[in-house]
Structure formats: C-alpha cells, structure tokens
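Notes for the structure review
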There are 2 protein chains.
Amino acid sequence: MGRAARPTVYTVADRAQVSVATVSRALAAPEKVSEATRLRVLEAIDALGYVPHGAARSLAADAHRAHGLVLPELVGPYYSDLLLGYEREAATGGDAVVLALAGGDDLAAKVLRIAGSVDGIVVMGASALPRAALAAIRELVPVLGLTGGAGQGLEVIGTRNLDSSRELTQHLVEHGRNRLVFVGDPDLAEDIQARYRGFCEALQPHAPEPVRVEPSEAAGVEVAERLLAGELDADGLVCANDELALGVIVTLTARGCDVPGDVAVVGWDDVMAARYVQPSLTTVRQPVADLGATAARRLREHIAAFRAGQLPPGPAPDRLMTSVIYRRSCGCTSDPSKEQEHR
Amino acid sequence: MGRAARPTVYTVADRAQVSVATVSRALAAPEKVSEATRLRVLEAIDALGYVPHGAARSLAADAHRAHGLVLPELVGPYYSDLLLGYEREAATGGDAVVLALAGGDDLAAKVLRIAGSVDGIVVMGASALPRAALAAIRELVPVLGLTGGAGQGLEVIGTRNLDSSRELTQHLVEHGRNRLVFVGDPDLAEDIQARYRGFCEALQPHAPEPVRVEPSEAAGVEVAERLLAGELDADGLVCANDELALGVIVTLTARGCDVPGDVAVVGWDDVMAARYVQPSLTTVRQPVADLGATAARRLREHIAAFRAGQLPPGPAPDRLMTSVIYRRSCGCTSDPSKEQEHR
DNA sequence: CTGTTAGCGCATTCAA
DNA sequence: TTGAATGCGCTAACAG
C-alpha cells in the first residue's frame, strides 16, 4: 500500500470548488482573487497539505527561483558568515540557494549540473573553471565571481584587498619595520594577489618576492621555522590570512622569538583565534556577511537583465570596505583598552 | 534583440538527426544507444551547449535529485566542515544541496518552500518547527533530524554527547574537582541537553543545576564575572561549547584567576581558538564532516524507502563517536608534547 | 473575478 | 536500436 497521492492544484481546485487557475492565482497574486474564494482555496490547501511542486512551477514559469552558489572546498569560519549573508538576501528576494562545493576537476561538472537548475550562479574560485565550460554556462545563466574571477572575464564582488594591504604594510613601515616579507602565494587566488600588490605599493620602489606557500597553519609553522633557521630574514611578516599568521606566531613564540619585538606578524580575516593567540593578532576584518548579501543582490540584478534580454545591469557594486583591527602582533598598539573594542 | 533560444532536447535531436527520446537515452542510459548515434548526440550537445533543464527533468522523472539542508542561523567554524561532508556525500549520490538558513519563525515557511523542490530534508534545529508544519512536510518527503529532533519524532543523526560528557566530567572528578558546574542551557538544544545529562550521570547521585546561558563568548564572560564576584562557586566549569569556555577563560585569566589552578574549564567542538588560548582548552572533538556525510547518506536511504512505499529503511546509524582532546585547561595534562598531537 | 486551455522540457511508455 | 506519443504539475494567456 503506497502513500496517499501528492495533492496537486487539481486536488485543491476540486476541494475548493474552483479552477486550477484560481488556485495558482490565490498563491501567486492573492489580490486578483476575491476574498471569499481565496479563503476557500487556502482552506483546501491547508486541509490537503498541498505544497506546490517546485519543478513544475519552475518549468511553467520559466524561472527556477534559485541561485547557484559555488564555493571552493576550503574550510574555515569565513564561510558561515558568507552563507548567512548570501542566503538571507537570496531568501529575501524569494530565491533558494543551491550550494555546490568543488574541490578539483569536478568543478566544471558540478557547475554545469546546477546550471540547469538555477537562474544564475555566483562562483568563488572561478579561475579553476575551464574557459570553454564557463563560456557554455554563461550562455545559459549569468555568472558572477566572488572574491575573484576577473581573469575569467567575470564581474567580481569582493573587498578592498589592495587598500587594506597598503594600510597594513604602511603601518608597519611607519613603525620602523624595514625588512618586511609577504607570506602567501599571489598565484593561488586573486585576493591574495591583490594583497601582495598592496604590499608592494606600500614598499615602493622595490618589494621583496613573496614567500609562496599555501594559506594554512601548517605552512605558517614552516615559514616560522625557516625564519628561525635563518633561511629567511624579516622583521615583519604580512601573511595572506590569519591561519598562516597564527601558525607563524605560535611557532615563533614557542621557540623564544619575540612577537612583535623581533618580528611583527599580521594577517587577514579576523578569525576567532586571532583574538586569543598571544600576542593577539593584528588583522584585516572583512564584511563577510555583507559580501555574501551583495553578491546575492547583484546576481538578482544580473538575472533580471539577462532575462530581459542581454542588457548590462548598471554599475557593479564597489568593492567592500575592510577595516584593519590593530592588536598586539604588529607591535604598535600600546593601549590594550583600545584593543578591547575589537573583541 | 534577445539571446539565442536555450537549446532543448529538440534542438539537439534535430542536429543529431535523431528523436528526442534518443537524446534523453544517450544521457541517461548510454548503453541503450548505439555507439554511432551516441557520438552524434554528444557532438550536438557539445556544439549547441545544451544543458538539460533541471526542472523539466525533475518533473518528468518525478525526482528532484536534490536534498534540502536546513540549518539554524548560527555562525561558527562548525558549519564549514558539516557542509563539506554533507555536500560531498550528496554529490556522490548525484544529489544537489539546497541550503536554507533559518533564524526564527520563518523556519516553517522556508522549509515548506524548499520541500517542494527536494526529495528529502535534513533539519538541524527541528525543535523550532511547529508540529503541524512538520507533519505536513513529512507527508511529502522524508525528514531527518541533525543533532536533534527526537522530540519531534524524527530519526536523528548525531554524535555521542552523553558519552563524551560523562568522560569529560569523570576526568575532572578523578583529578579532584568536587565543585563542578555545567554552563549552558539544556533546554536550548538536544545536544546540550545530552551533555548536561552526561554531566549529571558522572556526578551521581546529585548534580547541581546548570547555569542557564546561551552558548556564546559573551555569556562566557558573564559567567566568569559571576564567578569572580563570588555569586557562583566552582572549581570546574563544563561548558556547553568552546565559545562559552573561551569567554570564561580569557575573563578569568585576565582578572588574575588561575585556570586551571583555581578553576578548570572544558568545552565542546575544538574550535581553532581552543588551541591558541592560554591555557589551551580541553574540549570534545566531533567528526563533523562525517556527521554531515552520514546524514546525507541516511537521507538517501530514507528517500529510496519513502518512494518505494513507506517501508522503514533499516537500522538508523549509530551516533558518531567523539574524542576528548586533553589540553591544559582541565589541569590534567602535564606533558605538553602529548598535547601537540592534537594540534 | 473566474474558467479553459495550451504548453514549459524532459523521461518514458509502447510500437516498430 | 529507434521513434511517436503521452503526461509530469504548474503558470499564463485568453475568453468569458
């Protein structure tokens, strides 16, 4: 014996003594239905436990009412906020979020897979997409880059990495550091690249080559060891993210090296641990939830334009403002109470 | 001038000189199509940039090939791993993930919204769902609880909070703590409840009432202040999660209270900061990615059974094993090298 | 304000 | 191995 058949518009229409069109209207445009009938319909819907079939609706309305969100398979606290911001804004606009996490060459496949089920896609880590695949997808739905993707010709939603990096670096310079080194591989992501560029600009006319490592704690530990071994010379490390910086700091301090006395260390993201490590980490905070919301909002605009027929959807949003959180690891905050503000 | 019309099975069929049925087969059951025609079809698909329309496919096949994943609007590092594990497993099974973040009373609405577009739903924080809404949804698709939801009659995928809590508490007892207090509100979530139960069991025959606060850093700070003010008496705090524990630790140590000397503090989740705080935090690590994967896998089973006609899908998976990570805050790890293992 | 009707794009019978 | 035809559940004209 199977379950009761799923109620459909017809089932509801029957019970409410109306036509299916009226049921549809009662849901989509209540004002186009008389009070009385609308109530009857709603009663029927409630009584039958009717839930519209999403696919049928999408097919008929020629709109999925869903956004694709493609993120790299990285972990980190960063994501929770990003998702929160994105999902909220998407939901506000009536859109669901189809999430795809991609780690390698399955990226293209996954994106194609969801491309058939969403009205538009936001991709973080778009650089890993084969040009051909991206082109095919963009034929179908608008695609936005998150944090990067300019290299793929995408409009990108991101933060002001250049500015924050310049500020951070300049700050270190002004406080007497003159053997600064950037830790992180600019080729790994566009935002890291921008951070390195800002670093270079602040160090005009010549900045040293970056230490090309992955943005992880483990890599930070390695870098610290190289420093301790004398393979690397620096009195200040501008790290591509906090994980890296944290790895550096614990290793350095554990081995008796004074941070920030001997070496200043700064990072990006303001992860929770940045406030707990000793010394606390000077870092760049990004409006991550806002970043997500902005991307969702902007994608909605793109979708509208795309459907309306290819017109470009007005000016792209500015890159989001970031703020440097000065703590102890840069050696410049003498006032601990000031630090507390940023807890 | 509009964009080129989206290619459909018909477009592809035309170009490949076959019928739409063959196109469909070439994609869904390649072995049922001759080598030659299949190649022609694939060529056409490639040339036209054809991507199947997800909604049309779902409607015709009567399967969305998508999971709904509903999470509370909390933030935290926890989620990245959970999503990673879930998405991977879902993708492996060919299913997309529709993510919904719910913060309040919009929960029911959101769940209903996605219920029409997925084959099954995993809900974390199901207790916030009105019974009626849940019942209606379960009529439509199978629903699983993540971390909780037993109270709503859901099968739940979770970890062994009871065991880990008992172990943690017993450990503190064995090392001489005899004024232990549980920090966190058992009524806020089933897992916190289980943690409190384990705490109580270890403290047979009578355990003190819990300090009912939200599981946040701020609340931890408050609790620490109460302790310092003498409003609370304890030589050990079993905190419902790491945020709480961290808030307690920094506040206590900043005010000259010795952790773990005067008060031992332990938590749950093993967030990154747990390793960086001074003293490092003894905590419970949960296999979060595995938790996600297990939920996805199990939901798939439920979906299959549900469609096959209401049969119960075999034994539910065991609650996942957790591991206590002994660090310094419990005052029991004398060997720092041992601690390093868990970095 | 309401009902009738024609697809949306695809999978899947059933014949051939 | 292939094609023709039907319908999934819904929305959106179009009539009334």
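Predicted model, so just to flag it, every value in this text is computed and none were measured.

1. Quick notes on the overall build of chain A
When helices and strands are tallied, chain A shows 14 helices and 10 strands. The globule rule puts the C-alpha radius of gyration for 343 residues at 20 Å, and the 26 Å found for chain A is more than 25% above it. Expressed along its principal axes, the backbone C-alpha trace of chain A runs to roughly 85 × 45 × 45 Å. Taken over 343 residues, chain A has a buried fraction of 54%. Excluding contacts between residues fewer than 6 apart, the proportion of contacts in chain A whose partners are at least 24 apart in sequence is 69%. For chain A, the accessible area works out to roughly 14,600 Å², and carbon and sulfur atoms hold 51% of it. Taken together, the 34 basic and 44 acidic charged side chains of chain A have centroids lying 7 Å from each other.

2. Some words on the protein's contact with DNA strand D
Neighbouring DNA strand D are 24 residues; Val 9, Ser 24 and Tyr 50 of chain A together with Arg 25 and Thr 37 of chain B lie closest to it. Those atoms of DNA strand D that come within 4 Å of the protein belong to sugar or phosphate at a rate of 61%. His 53 of chain A places a main-chain nitrogen or oxygen 3.2 Å from a phosphate oxygen of DNA strand D. Ser 19 of chain B is positioned such that a nitrogen or oxygen atom in its backbone is 2.8 Å from a phosphate oxygen of DNA strand D. Residue assignment for the surface near DNA strand D shows that the elements contributing at least two residues are α1 (9–16), α2 (20–28) and α4 (54–61) of chain A together with α2 (20–28) and α4 (54–61) of chain B. Ranked by residue count, the leading element in the surface near DNA strand D is α4 of chain A, at four residues. Grouping the constituent residues of the surface near DNA strand D by class yields 13 nonpolar, eight polar and three charged.

3. Observations regarding the packing of helix α1 (residues 9–16) of chain B against helix α3 (residues 35–48) of chain B
When two helices pack together, you describe them by how their axes are tilted relative to each other and by the distance separating the axes. Residues and elements named next belong to chain B. Between α1 and α3, the shortest axis-to-axis distance is 9 Å and the interhelical angle comes to 125°. Between α1 and α3, the crossing angle belongs to the class labelled oblique. The interaxial crossing formed by α1 with α3 has right-handed handedness. Every residue of α3 that contacts α1 at Thr 11, Val 12, Arg 15 and Ala 16 is listed here: Arg 40, Val 41, Glu 43, Ala 44, Ile 45, Ala 47 and Leu 48. Classifying every residue of the contact of α1 with α3 by side-chain character gives seven nonpolar, one polar and three charged.

4. Things to note about the domain arrangement of chain A
All names here are of chain A. The domains assigned to chain A are domain 1 (53–158 + 287–312) and domain 2 (162–285 + 322–342). Its C-alpha centre places domain 1 at a distance of 32 Å from the equivalent point of domain 2. Across the boundary between the two partners, domain 1 contributes eight residues, which contact five residues of domain 2. Both faces combined, the contact of domain 1 with domain 2 buries some 500 Å², and carbon together with sulfur accounts for 52% of it. For domain 1, the biggest contributors to the area lost against domain 2 are Pro 77, Thr 147 and Pro 287; these three give 55% of the whole. Counting across the interface, domain 1 meets domain 2 through zero salt bridges. Taken together, the connections running from domain 1 to domain 2 amount to three residue pairs in polar contact (both at pLDDT 80 or more). Looking at the side of domain 1 that touches domain 2 residue by residue, the class counts come to four nonpolar, four polar and no charged.

5. Focus on the relation of the copies chain A and chain B
With an axial shift of 0.1 Å and an RMSD of 0.2 Å, the rotation relating chain A to chain B amounts to 180°. The symmetry that links the two subunits is that of a two-fold axis. Most of the interface of chain A is mirrored in chain B: 98% of its interface residues are interface residues there too.

6. Focus on the interface of chain A and chain B
Counting residues at the interface gives 59 residues for chain A and 58 residues for chain B. Of the roughly 4,900 Å² buried where chain A meets chain B, counting both sides, 61% is carbon and sulfur surface. Applying the counting rule to chain A against chain B returns six salt bridges. Arg 275 of chain B serves as the salt-bridge partner of Glu 217 of chain A, at 2.3 Å between the closest nitrogen and oxygen. In this structure, the connection of chain A to chain B is made through 18 residue pairs in polar contact (both at pLDDT 80 or more). Of all the secondary-structure elements, those providing two or more residues to the side of chain A that touches chain B are α4, α5 (78–92), β2 (96–102), α6 (106–115), α7 (131–140), α11 (242–254), α12 (273–276) and α13 (288–309) of chain A. It is α5 of chain A that contributes the most residues to the side of chain A that touches chain B, eight residues altogether. For the side of chain A that touches chain B, the residue count by class is 30 nonpolar, 13 polar and 16 charged. Taken together, the three bridges between β2 of chain A and strand β2 (residues 96–102) of chain B define a ladder with antiparallel strand orientation. Directly across from Val 97 of chain A, in β2 of chain B, lies its bridge partner Leu 99 of chain B.

7. Topic: the environment of Ile 192 of chain B
Residue and element names in this part refer to chain B. Structurally, the position occupied by Ile 192 is in helix α9 (residues 190–202). Judged by relative accessible area, which is 7%, Ile 192 ranks as buried. Sequence separation between Ile 192 and Trp 268 is 76 residues, and the spatial gap between their C-alpha atoms is 9.8 Å. Ignoring sequence-local partners within four residues, the contact set of Ile 192 consists of Phe 182, Gly 184, Asp 185, Pro 186, Pro 215 and Ala 240.

8. Here we look at the protein's contact with DNA strand C
With respect to spatial proximity, 25 residues lie near DNA strand C, and among them Arg 25 and Thr 37 of chain A together with Val 9, Ser 24 and Tyr 50 of chain B are the closest. Among the atoms of DNA strand C close to the protein, meaning within 4 Å, 58% are from sugar or phosphate groups. Within the backbone of Ser 19 of chain A, a nitrogen or oxygen atom sits 2.9 Å from a phosphate oxygen of DNA strand C. Here a phosphate oxygen of DNA strand C sits 3.1 Å away from a polar atom, N or O, in the main chain of His 53 of chain B.

9. Topic: unusual backbone geometry
The phi angle of most residues is negative, glycine excepted, and most peptide bonds adopt the trans form. The amide bond that connects Gln 204 of chain A to the next residue, Pro 205 of chain A, takes the cis arrangement and shows omega of 0°. As for its position among the elements, Pro 205 of chain A is in the loop between α9 (190–202) and α10 (217–228). Residue Gln 278 of chain B is joined to Pro 279 of chain B through a cis peptide bond whose omega torsion reads -5°. Mapping Pro 279 of chain B onto the fold places it in the loop between α12 (273–276) and β9 (282–285). For Gln 17 of chain A, which is not glycine, the phi torsion reads 60° and is therefore positive. Mapped onto the secondary structure, Gln 17 of chain A falls in the loop between α1 and α2.

10. Considerations on the pattern of salt bridges
Residue and element names in this part refer to chain A. With the rule as written, the count across this model stands at 48 salt bridges over all chains. Among the ionic pairs, Asp 270 bridges to Arg 327, the shortest N-O distance being 3.0 Å. Of the two residues, Asp 270 is situated in the loop between β8 (264–268) and α12 and Arg 327 in the loop between β10 (323–325) and α14 (336–340); the sequence distance between them amounts to 57 residues. Arg 327 matches Asp 270 in its accessibility class, with the two residues each being buried.

Procedures and definitions
- Residues numbered from 1 in each chain as written.
- Chains lettered and ligands numbered in written order.
- Predicted model: local features only at pLDDT ≥ 70, side-chain atom pairs only at ≥ 80, totals over all residues.
- Heavy atoms only, no water.
- Helix = DSSP H or I, 4+ residues; strand = E, 2+ residues; numbered from the N terminus.
- Rg over C-alpha atoms; globule rule 2.2 N^0.38 Å.
- Buried < 20%, exposed > 50% of the residue type's maximum accessible area, 1.4 Å probe, protein only.
- Contact = heavy atoms within 4.5 Å.
- Areas by Shrake-Rupley, 256 points an atom, 1.4 Å probe, with all protein chains shown as cover.
- Lys, Arg positive; Asp, Glu negative; His and termini not counted.
- Charge placed at Lys NZ, Arg CZ, Asp CG, Glu CD.
- Near = heavy atom within 4 Å.
- Polar contact = N/O pair within 3.5 Å; in protein donor to acceptor, adjacent residues only side chain to side chain.
- Nonpolar A, V, L, I, M, F, W, Y, C, P; charged D, E, K, R; others polar.
- Axes fitted to C-alpha atoms, helices over the stretch in contact; angles between N-to-C directions.
- Parallel < 35°, antiparallel > 145°, perpendicular 65-115°, else oblique.
- Left-handed = near helix turned anticlockwise from the far one by under 90°.
- Domains from an automatic or database assignment.
- Buried area = accessible area lost by both parts, 1.4 Å probe.
- Salt bridge = Lys/Arg side-chain N within 4 Å of Asp/Glu carboxyl O.
- Least-squares fit on C-alpha atoms with pLDDT ≥ 70 in both.
- Pairing = 2+ DSSP bridges.

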